[in-house]
Amino acid sequence: MDPVVGLDVAKGESQVQMFLDKKMPYKNSVKVEHTVEGLEELHSYLLDLERQTGMKPPVVLESTGHYHAPVVQFLEAREYIVIIVNPLVSYRAKSSSLRKTKTDAIDAYHLGEMYYKEDLEPQKKRGIQLLNLRHLTRQHENMTGVMVQTKLQFQAVLDQVFPEYKGVFGSLYADISLKTLQNFPTSESVLKAGVEEIAQYINMHCKARSLDWAHEKAEELIAAAKRNPFQSTLYHSLLVSLNMYIDLLQAYHQQLSTLEREIDELAVQLEEYELLQTIPGVGEKIAATIISEIGEIDRFSHPKKLVAFAGLDPSVFESGRFKGTKNHITKRGSARLRRMLYTAVRCSIRDSRKKKTTDETIARNKRLRAFYDLKREEGKPYRVAIIACANKLLHWIYAMLKTKTPFQETAQ
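Quick caveat: nothing in here was measured; it's all calculated off a predicted structure.

### Some remarks on the packing of helix H1 (residues 36-53) against helix H2 (residues 69-77)
In a pair of packed helices, the angle between the axes and the distance between the axes together describe the arrangement.
Okay, step 1: The contact between H1 and H2 brings their axes to 11 Å, and the two run at 50°. Relative to H2, H1 is oriented oblique. Here H1 runs over H2; the crossing is right-handed. Of H2, the residues touching H1 (which contributes Leu 39, Glu 40, Leu 42, His 43 and Leu 46) are Pro 70, Val 71, Phe 74 and Leu 75.
Okay, step 2: Here the residues of the contact of H1 with H2 sort into 7 nonpolar, 1 polar and 1 charged.

### Digging into the pattern of salt bridges
Okay, step 1: Under the criterion given, the structure shown has 14 salt bridges.
Okay, step 2: Ionic pairing is found between Lys 179 and Asp 175, a salt bridge with its closest N-O pair at 3.2 Å. Linking Lys 179 with Asp 175, this pair stays in helix H6 (residues 175-183), spanning 4 residues, or about one helical turn.
Okay, step 3: When its relative accessible area of 26% is taken as the criterion, Lys 179 is described as partly exposed.
Okay, step 4: As a salt-bridge pair, Asp 298 and Lys 402 come within 3.6 Å of each other at their nearest N and O atoms. With Asp 298 in the loop between helix H11 (284-294) and helix H12 (303-309) and Lys 402 in helix H15 (residues 382-403), the pair connects residues that are 104 residues apart, well separated along the chain.
Okay, step 5: Note on Asp 298: relative accessible area 47%, which makes it partly exposed.
Okay, step 6: Judged by relative accessible area, Lys 402 falls into the partly exposed class, the value being 36%.
Okay, step 7: One network of salt bridges, in which partners are shared, links Glu 141, Arg 336 and Arg 339.

### Examining a nonpolar patch on the surface
Okay, step 1: A grouping of Met 1, Met 24 and Met 55 is seen on the molecular surface, where their side chains present a nonpolar patch of about 280 Å² in accessible area.
Okay, step 2: Along the chain, Met 55 turns up in the loop between H1 and strand E4 (59-62).

### So, H6
Okay, step 1: Burial in H6 covers these residues: Ile 176, Ser 177, Leu 178, Thr 180 and Leu 181.
Okay, step 2: Each element contacted by the buried residues of H6 is listed here: helix H5 (128-158), helix H7 (187-205), helix H8 (211-227) and helix H9 (236-267).

### Quick word on unusual backbone geometry
Okay, step 1: Notably, Lys 23 is not glycine yet its phi reads approximately 60°, a positive angle.
Okay, step 2: Inspection of the secondary structure assignment puts Lys 23 in the loop between strand E2 (13-21) and strand E3 (24-33).
Okay, step 3: A positive phi angle is found at Glu 79, which is not glycine, with a value near 65°.
Okay, step 4: Mapped onto the secondary structure, Glu 79 falls in the loop between H2 and strand E5 (82-85).

### Remarks on the packing of aromatic side chains
Okay, step 1: By the definition in use, this model includes 9 aromatic pairs.
Okay, step 2: Seen in terms of ring centroids, Phe 184 and Tyr 201 are 5.6 Å apart; in terms of plane orientation they differ by 85°. Their pairing is edge-to-face. Of the two residues, Phe 184 sits in the loop between H6 and H7 while Tyr 201 sits in helix H7, which places them 17 residues apart along the sequence.
Okay, step 3: Summarising the aromatic geometry, the rings of Trp 396 and Phe 407 are spaced 5.5 Å apart at their centres and angled 55° between planes, so their arrangement reads as tilted.

### Some details on the pairing of strand E1 (residues 4-10)
Okay, step 1: Extensive coverage of E1 is indicated by the burial of 6 of its 7 residues.
Okay, step 2: As paired strands, E1 and E2 are joined by 7 bridges and run antiparallel to one another. From the neighbouring strand, Val 5 faces E2, where its bridge partner is Met 18.
Okay, step 3: Taking the residues that link successive antiparallel strands as the turn, the E1-E2 hairpin has 2 residues, and the phi of Gly 12 there is positive, at about 80°.
Okay, step 4: Bridge analysis of E1 against E4 gives 3 bridges, and the strand direction is parallel. The residue of E4 that forms the bridge with Leu 7 is Leu 61.

### Points about the packing of H6 against H9
Okay, step 1: Interhelical geometry of H6 versus H9 gives an angle of 155° and a closest axis separation of 10 Å. Taken together, the axes of H6 and H9 lie roughly antiparallel to each other. Crossing hand, H6 versus H9: left-handed. Contact residues: H6 offers Asp 175, Leu 178, Lys 179, Leu 181 and Gln 182, while H9 offers Leu 242, Asn 243, Ile 246, Asp 247, Leu 249, Gln 250 and His 253.
Okay, step 2: Of the residues in the contact of H6 with H9, the class split is 5 nonpolar, 4 polar and 3 charged.

The rules behind the values
- Residues numbered from 1 in each chain as written.
- Predicted model: local features only at pLDDT ≥ 70, side-chain atom pairs only at ≥ 80, totals over all residues.
- Heavy atoms only, no water.
- Axes fitted to C-alpha atoms, helices over the stretch in contact; angles between N-to-C directions.
- Helix = DSSP H or I, 4+ residues; strand = E, 2+ residues; numbered from the N terminus.
- Parallel < 35°, antiparallel > 145°, perpendicular 65-115°, else oblique.
- Left-handed = near helix turned anticlockwise from the far one by under 90°.
- Contact = heavy atoms within 4.5 Å.
- Nonpolar A, V, L, I, M, F, W, Y, C, P; charged D, E, K, R; others polar.
- Salt bridge = Lys/Arg side-chain N within 4 Å of Asp/Glu carboxyl O.
- Buried < 20%, exposed > 50% of the residue type's maximum accessible area, 1.4 Å probe, protein only.
- Patch = residues over 30% accessible without salt bridge, like charges linked within 9 Å, V, L, I, M, F, W, Y side chains within 5 Å.
- Areas by Shrake-Rupley, 256 points an atom, 1.4 Å probe, with all protein chains shown as cover.
- Phe/Tyr/Trp six-rings, centres within 6.5 Å; stacked < 30°, edge-to-face > 60°.
- Pairing = 2+ DSSP bridges.

Remember that the coordinates give geometry; whether it matters functionally is a separate question.
In structure tokens, the structure reads:
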């Protein structure tokens, strides 16, 4: 006997199909809910199958974002082998039938059949630390995206109220800049307050700077108010929107700082975090994201499997005598890992000044820059060369994580 259970996971429920052996389904397909009672019912079915075969059955299911998380946690706590299948692989298997039918019961049946047809590897536990780090880095990325959109909307409103304000402070989005704008949002309010009142306000909310600096900024703000084409604001709604966007930006700054602190505290406990930062061009954020997306490196028996997981492997199309020449990367893996590798490559090959006292520049990562230059000399376009570098970088990361050795600046 070689039992298996196919589990078609949906939001809040799963369809269960048990097999005694190949082409030997056991009982009818049943549906269970993702509640305490429902998962205990699933456990009773698994125990029944175990009594019939004398073996603890593995469970095959598709990766479904976060919907399968309660099921996997429940099964792993009871020491069941869980095999999580890429939806693209399971879709290919389901499409092999000539009959065009799709139900939860049929999908669960196909997942069980896949166990006997495919060489499936069991899910390896990533550990609580890695999963926590993954959740935090993804939340940081999502919130950063929301903040970028808010900045664009904020600037659109500012252009209709006080466009000349943008040049007053070094950074428009610095805390002191946003607070000053919130308190003096129009030319009228600035000119009415005067230099002394504005300088005192800036000095009170920015203790790190001197009073002279505050006076300098106050004078610049007065000059900007006089240049402002909107000497009076006709639409009160714009001031309401401006104030709202400033509140949102300040809240996002605070939340992102909290996330970054949590990510750093969690990441420093992982040996891989320090290892990846030995690669020139890979900083704290990039290292944390790469680690969280890869998970346990032991999941990959070969670097090409890790490359495929990142979606950096080239697609291949051949039919008869035809061979495709324009083969793009598959982009079927982790988009976040792919983006971080792309960013890491651009940071690594970028030139930086060797010493502050000279104009001499040198690439941050000489090995990767040499590889990039080679690809460009071969006539490869910029993006093709960058992707080739990302592929090379991922091979290095694989070797470093496997052997637990830091990056070597020169090839051995």
